[in-house]
Amino acid sequence: MPLSLRVYSAGLAAFFAVFAPLACTSVEAAGGDADPVFVFNRICYAQVPKLDGIRDMAGRLAWRTIGDDELKHFTTIKNPDVLEGWDAQVGERVFRVAIVQSPMNAKMKKTFPDLGAGLATSCMLVLDELNDAATFSANMQSLAGKAPASKDVPEGDLLTTTWAGGNADVKVFLFSKANKTGRGGLLNVTVLTKAKPAAR
């Protein structure tokens, strides 16, 4: 994995360490067993780099907006163009969702010089201890449909698996971060685009 993405991935790991205890609200006590990778695919993977579809879901489904004091933990980027988050209720479960969009940082520009004038857009889903890491990791492999660029790389209390793809105009990275305890983690898709998306 390029150095710029390793640094970004480490930032996600730091975020998870702070935010994992708040991954779901008390609604989770009612039970339910939503497939987190299915949820991630519909909310994040199928939408980015465009963000209006995610915002539309948040409004139509009345997701609770996450306040600014909590949102700042979702990214290590200073003053991103977009930083928004919600508690998304799916059945009897509540997942924390965040979107981040900003110009690519210096390390990303160095790694991908042809995309230097573009944007980095991310969407993440935080998973709590009700989610079995082996199950969602296997389902992320099915979603990616290809061999990972790196697998189970230790990052603090997490094991990170990364998939990479794209073409000359766009780069797509999938991250599956599983807690070493075997429960909980973080799913993330990050898209680097040469030109700004048509809608934001």
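For the structure given in this document, a descriptive report is provided here. (Residues numbered from 1 in each chain as written. Predicted model: local features only at pLDDT ≥ 70, side-chain atom pairs only at ≥ 80, totals over all residues. Heavy atoms only, no water.)

What follows concerns the overall build of the protein. Tallying secondary structure elements over the protein gives six helices and eight strands in all. Listing the helices and strands of the protein from first to last along the sequence gives α-α-α-β-α-β-β-α-β-α-β-β-β-β. A burial count over the protein gives 46% of its 200 residues as buried. Intrachain contacts of the protein at a sequence separation of at least 6 include 62% that bridge at least 24 residues. Surface summary for the protein: the accessible area is close to 9300 Å², and the carbon and sulfur share equals 53%. (Helix = DSSP H or I, 4+ residues; strand = E, 2+ residues; numbered from the N terminus. Buried < 20%, exposed > 50% of the residue type's maximum accessible area, 1.4 Å probe, protein only. Contact = heavy atoms within 4.5 Å. Areas by Shrake-Rupley, 256 points an atom, 1.4 Å probe, with all protein chains shown as cover.)

To continue, consider helix α2 (residues 36–45). Listed in full, the buried residues belonging to α2 are Pro-36, Val-37, Val-39, Phe-40, Ile-43 and Cys-44. Across the axial projection of α2, the buried residues extend over an arc of 150°, all falling on one side. Sitting at the amino-terminal end of α2 is Asp-35, which places a side-chain oxygen 3.1 Å from the backbone nitrogen of Val-37. (Arc of directions from axis to C-beta. Polar contact = N/O pair within 3.5 Å; in protein donor to acceptor, adjacent residues only side chain to side chain.)

Once that is clear, we can look at the sheet that holds strand β5 (residues 150–155). Sheet architecture is open: eight strands sit in the order β1-β2-β3-β4-β8-β7-β6-β5, paired in antiparallel fashion. Since the sheet does not close on itself, it has two edges, and those belong to β1 (64–65) and β5, each with one partner. Relative to strand β7 (residues 170–179), strand β6 (residues 158–166) runs antiparallel, the two sharing nine bridges. Bridging across to β7, Leu-159 finds its partner in Ala-178. (Pairing = 2+ DSSP bridges.)

This next bit is on the side chain of Asn-131. Take Asn-131: it is sitting in strand β4 (residues 119–132). Within polar-contact distance, the side chain of Asn-131 engages the side chain of Arg-93 at 3.5 Å. With residues near it in sequence (within four places) discarded, Asn-131 still touches Ala-34, Pro-36, Arg-93, Phe-95, Phe-136, Gly-182, Arg-183 and Gly-184.

Counting residues in each nonpolar core, the largest one holds 31 residues, and the members touching the most others are Phe-40, Ile-43, Ile-54, Cys-123 and Val-189. Of all elements in the fold, only α2, α3 (52–60), β2 (82–90), β3 (93–103), β4, α6 (133–144), β7 and β8 (183–193) reach the threshold of two or more residues within this core. Sequence-distant contacts of Cys-123, that is, excluding residues within four places in its chain, are made with Phe-40, Ile-43, Cys-44, Val-48, Ile-54, Val-97, Ala-98, Ile-99, Leu-187, Asn-188 and Val-189. (Core = buried A, V, L, I, M, F, W, Y, C linked by side-chain atoms within 4.5 Å.)

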